[in-house]
Amino acid sequence: MQIEKQIAEIQNIVDDVLKMALSKGATQAEASMSKVQGIAVSSRMCDVENVEFNNDGGLGISVYVGKHKGSASTADLSKEGLALTVEKAVDIARYTSEDDCTGLADEALIATEFPDLDLYHPIELDPQKGIEMAVAAEQAAMAHDKRITNSDGASYNANMGMRVYGNTHGINAGYPSSRYSLSCMMIGAENGDMQRDYAYTVNRVPSLLKGAEEIGREAAEATVARLGARKLATGKVPVMLHKDVASSLFGHYVSAISGGSLYRRSSFLLDKLGEQVFPHWLTIEEKPHLKAGLASSVFDAEGVATKDMTIVENGILSHYLYTTYSARKLGVISNGHAGGIHNWIIGDTGQSDGQMLQELGTGLLVTELMGQGVNTVTGDYSRGAAGFWVENGVIQYPVHEVTIAGNLKDMFMNIQAIGAERELRGGVQTGSVLIGEMHIAGS
Amino acid sequence: MFNNVKSHLLTDSGLELSSLEKALGQIYHHDNDYADLYFQSSQHESWVLEDGIIKDGSYNIERGVGVRAISGEKTGFAYSDEITEDALLSACRAARSIAPAGGKHAVKSLSNSEYRVRYESNNPLLAMEDAEKISLLRAVDSYIRKKEPGINQVVVSLSGVYEEVLVAATDGTLASDIRPLVRLNCSVLMEQGDRRERGSAGAGGRHSYDFFTTDKDGRPYYETLADEALHMARINMEAVASPAGTMPVVLGSGWPGVLLHEAVGHGLEGDFNRKGASTFSGRIGERVAAKGVTVVDDGTLQDRRGSLSVDDEGTPTQHNVLIEDGILKGYMQDKMNARLMGVSPTGNGRRESFAHLPMPRMTNTYMLGGQHDPQEIIASIDKGIYAPNFAGGQVDITSGKFVFSSAEAYLIENGKITAPVKGATLIGNGPEVMQKISMIGNDVALDRGVGVCGKDGQSVPVGVGQPTLKVDELTVGGTA
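Predicted, not measured: the structure shown is a model, and the values here were computed from it.

A word on the packing of aromatic side chains. Applying the stated criterion across every chain, the model contains 20 aromatic pairs over all chains. Centroid distance Tyr95(A) to Trp47(B): 6.2 Å. Interplanar angle 85°. Geometry classified as edge-to-face. Taken together, the positions of Tyr95(A) in the loop between helix 2 (79-93) and helix 3 (127-144) and Trp47(B) in strand 1 (residues 34-50) put the pair across two chains. Owing to a relative accessible area of 1%, Trp47(B) belongs among the buried residues under this scheme.

Below, the structure written as structure tokens:
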């Protein structure tokens, strides 16, 4: 079936569900529905391991009876299943309290234009072709270095689907999207030490995935580079987060400036709007309409139109991130962040990856972070780390079993440089981040 | 129970046991060694109180069937969120294609597995009126506000799951289970001047909601939880920077057993060991922990969050000894890895839902008690850390490196607990840390029932536990 026709069918279901909600006593309602079809195949030791056929769908509805809210969701999309879901949501609204801030997004903010963001690049789902890619990645990895002794496998995923959102203000919009990925994890051993590492590629356009051989080679290189890792002595040293892991730092920033954390007074960046929180040169742009972007969307999870924003300008906290509810709690209006952020581009200081090592000079290059260890209320940060010891801009040896600790407030302000070579495989596009001195706990 | 589950999952959808045998037979038209069908329906609800009002309630229903076919080390898998004969047969055709056409085996006739039921089969969503659930949330909120009038934010959440499963397999397995699961959480935010600190506590298990209102130690259990959340916020309000470096660490009893979950638990799952990917691979019979350390995984404990009457492959759960007096005894297995390694399944085959593949997973993992009085353990340390409460953890099973983050911790100075210190991540190497356990308390306890374990993108509820433990050297990620 044509994708446009499938979307139209889902729009009809959403429409029916909204009408049903109104007929059952709701004064407002919103519903979203998604369908995803795909395959996940994996190989191990260059032979097929798993072939999975995925087929997921679900509908979620929120109803408002006056200022009382109720929500329900289901994967059962039969008529009975949908009717039961709507009834449950209305039922729940009988028990929730009156809440002045609850309700649909303001009508004026709802998206009215729906440009094509080029998110949908369908292919024929072919497990055999996926297996070939996974095996090719593993073969390249196994052949790359004799210290690669074992494999944790390679996997190829292809997913195509659609999302529809509708509410009783009148929006009922949907769009298709696709996502493809290939990953490979290898195990290396030398002198009794065993280490693993991985490489991956992800894209909405299948032809833009990196080649299987390249992924295999990268996985093998990353794995053998970790062999013979040592601990560091406890102390303070300059730390640089490699671009593979640097986006996590901005992920913590997202949590801290989210409306939900603010109205709960659970953020170390409370009451900091308009203040300097990063160095003067640092700017963060949000671009929700990037063509084929991994976090692109015309509207957020409440139907609010998304638009380009400068989240951080010259190091200043320019915008908090609001949903309809958190905005009302804080006396402002939503800026389209229900469901998260949309493509952040972190400003850089122009250096290549090699130049960034020079900027670090002597210190710790972090390529892996472990554990939760981040307190958004206080900004306290303490996480497990692995990576490389660098002297005078040259990698000396791998490091493991250490922690890096500090406070995010200081870590943000102390950022000394951000590389120009960006990580593009997620919702935050950033180069490597040189943070400056942090506390290392080791031997 | 079996008849009820069968009627809900099969008969209502027009299926009979004979339809399942037929479906399994279809898979055996190809050269597969094993296949199973996993039918599941679940209802989930949650209620949230915030700012003194009932802010949100939600309800979710799901049902479907997962079909798995295994040929040697290869697995084919397909699922459907519709339970109909057509959908079932179509999933079977997709899954069986992992092996070439031409079957060699016959499906054994299905017969009911024998096992003991480890929890009640009541539906917790129905066992308490909605109005009573609301009253429970309000009771927790008003208890906290009465106890600490200056408290700024209180969030209380209550959630419950009712799940029915039915498994049928080509080896003749036929089993069903009804699995209730409830949880209560409370979180408070305390403010003093510019400083804000959070405290939280939770509990749960395979019970009805009245578990939280029933008296325990002379008062409703929710009061104990609320007090703990307040205690944690107060302690954190006074906490100073944690020291950094390698030092002796005393871990409290109960929830700090997350140490075992990360340091040894994952590394002893059968799949990693079959593949030679774990730091514990090929080490059965070797010393992997200090003398006196005995670690078990036990899915049979009554009403526990991590317990199962049968696992998701229809194997009854067991009391499995993983490490005995420091010697590695065995791995946790599902059917596939057990067969490939030539051992028996241990009742650890678990999956998040019908839409996920089963694999070896933990249930309730804990260390047995030792000889020492917890006070004696604290008194043995000149300078170190006492950590009675933790947030989550993570492990790299290949290198053995694991981390876990303290949520409440104190300095130990000259044998006494002194100042509270801020949460810090602790890092170590599983087999090394287990060898450095030098004192084991006589106060073994299990956690309160809040654990969630993630592996390969699948979440399952688990339990952990341990007595108070002394680890001679562990790296503490502080800033002082």
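Here the narrative resumes.
The next point concerns the pairing of strand 20 (residues 425-429) of chain B. Consecutive residues of a regular strand have side chains that alternate between opposite faces of the sheet. Residue and element names in this part refer to chain B. Buried residues dominate strand 20, accounting for five of its five residues. Burial along strand 20 is two-sided: Thr425, Ile427 and Asn429 and Leu426 and Gly428, pointing in opposite directions, are all buried. For strand 18 (residues 401-413) and strand 20, the ladder comprises five bridges, and the chain directions are antiparallel. Following the sheet pairing, phenylalanine 402 is matched in strand 20 by glycine 428.

Okay, the pattern of salt bridges next. Overall, the coordinates contain 51 salt bridges over all chains when judged by the stated rule. Between Asp348(A) and Arg422(A) there is a salt bridge, and its shortest N-O distance comes to 2.9 Å. Remark: Arg422(A) occurs in the loop between strand 15 (417-418) and strand 16 (428-429) and Asp348(A) occurs in the loop between strand 11 (344-346) and helix 8 (353-360); sequence separation between them is 74 residues. For Asp348(A), a relative accessible area of 29% corresponds to the partly exposed category. Its relative accessible area of 29% is what places Arg422(A) among the partly exposed residues. The salt bridge partner of Arg425(A) is Glu423(A), with a shortest N-O separation of 2.7 Å. Looking at Arg425(A), the relative accessible area reads 22%, which means it is partly exposed. Ionic contacts of the salt-bridge type, sharing partners, join the residues Arg264(A), Lys329(A), Glu50(B), Asp51(B) and Lys55(B) into one network.

With that settled, consider the layout of surface pockets. Counted as a void, the second largest pocket has a volume near 1,200 Å³. Every residue lining the second largest pocket is counted, 44 residues in all, and those nearest its centre are Lys35(A), Val36(A), Gln37(A), Asn55(A) and Asp56(A). Residue assignment for the lining of the second largest pocket shows that the elements contributing at least two residues are helix 1 (3-23), strand 1 (28-44), strand 2 (47-65) and strand 4 (148-167) of chain A together with strand 3 (74-80) and helix 3 (85-96) of chain B. Of all the elements, strand 1 of chain A adds the most residues to the lining of the second largest pocket, at six residues. Each residue belonging to the lining of the second largest pocket can be placed in one class, and the counts come to 22 nonpolar, 13 polar and nine charged.

Turning our eyes to something else, we now look at helix 1 (residues 2-9) of chain B. All names here are of chain B. Along helix 1, the residues classified as buried are Phe2, Val5, Lys6 and Leu9. Each buried residue of helix 1 sits inside an arc of 100° when the element is viewed along its axis, so together they form one side. Structurally, helix 1 contributes buried residues whose contacts are with helix 2 (17-27), strand 1, strand 2 (53-71), strand 4 (111-112), strand 5 (153-169) and strand 6 (173-192).

On to empty space enclosed by the protein, then. All chains considered together, the criterion is met by three cavities of 30 Å³ or more. Within this model, the largest cavity holds a volume of roughly 70 Å³. Around the largest cavity, the lining is made up of 13 residues, and of these Arg226(A), Glu368(A), Met370(A), Ala386(A) and Lys401(B) lie nearest the centre. Elements supplying a minimum of two residues to the lining of the largest cavity: strand 12 (363-370), strand 13 (380-391) and strand 14 (394-407) of chain A.

Attention now moves to the domain arrangement of chain A. All names here are of chain A. In terms of domain boundaries, chain A breaks down into domain 1 (2-225) and domain 2 (235-441). Between domain 1 and domain 2, the residue contacts involve 32 residues of the former and 28 residues of the latter. Carbon and sulfur atoms supply 59% of the area that domain 1 and domain 2 bury against each other, a total of about 2,500 Å² over both sides. Counting the surface domain 1 buries against domain 2, the share from its top three residues, Cys101, Leu109 and Leu117, is 25%. At the junction of domain 1 and domain 2, the tally comes to 13 residue pairs in polar contact (both at pLDDT 80 or more). For the side of domain 1 that touches domain 2, the elements supplying multiple residues, two or more each, are strand 4, strand 5 (172-190) and strand 6 (193-203). Per element, the largest residue contribution to the side of domain 1 that touches domain 2 is four residues, and it comes from strand 6. Of the residues in the side of domain 1 that touches domain 2, the class split is 18 nonpolar, five polar and nine charged.

The rules behind the values
Residues numbered from 1 in each chain as written. Chains lettered and ligands numbered in written order. Predicted model: local features only at pLDDT ≥ 70, side-chain atom pairs only at ≥ 80, totals over all residues. Heavy atoms only, no water. Phe/Tyr/Trp six-rings, centres within 6.5 Å; stacked < 30°, edge-to-face > 60°. Helix = DSSP H or I, 4+ residues; strand = E, 2+ residues; numbered from the N terminus. Buried < 20%, exposed > 50% of the residue type's maximum accessible area, 1.4 Å probe, protein only. Pairing = 2+ DSSP bridges. Salt bridge = Lys/Arg side-chain N within 4 Å of Asp/Glu carboxyl O. 1 Å grid on protein atoms, 1.4 Å probe; cavity = no way out; pocket = protein on both sides within 12 Å on 5 of 7 lines; lining within 4 Å. Points joined across faces, edges and corners; volume = space filled by probe spheres on them. Nonpolar A, V, L, I, M, F, W, Y, C, P; charged D, E, K, R; others polar. Arc of directions from axis to C-beta. Contact = heavy atoms within 4.5 Å. Domains from an automatic or database assignment. Buried area = accessible area lost by both parts, 1.4 Å probe. Polar contact = N/O pair within 3.5 Å; in protein donor to acceptor, adjacent residues only side chain to side chain.

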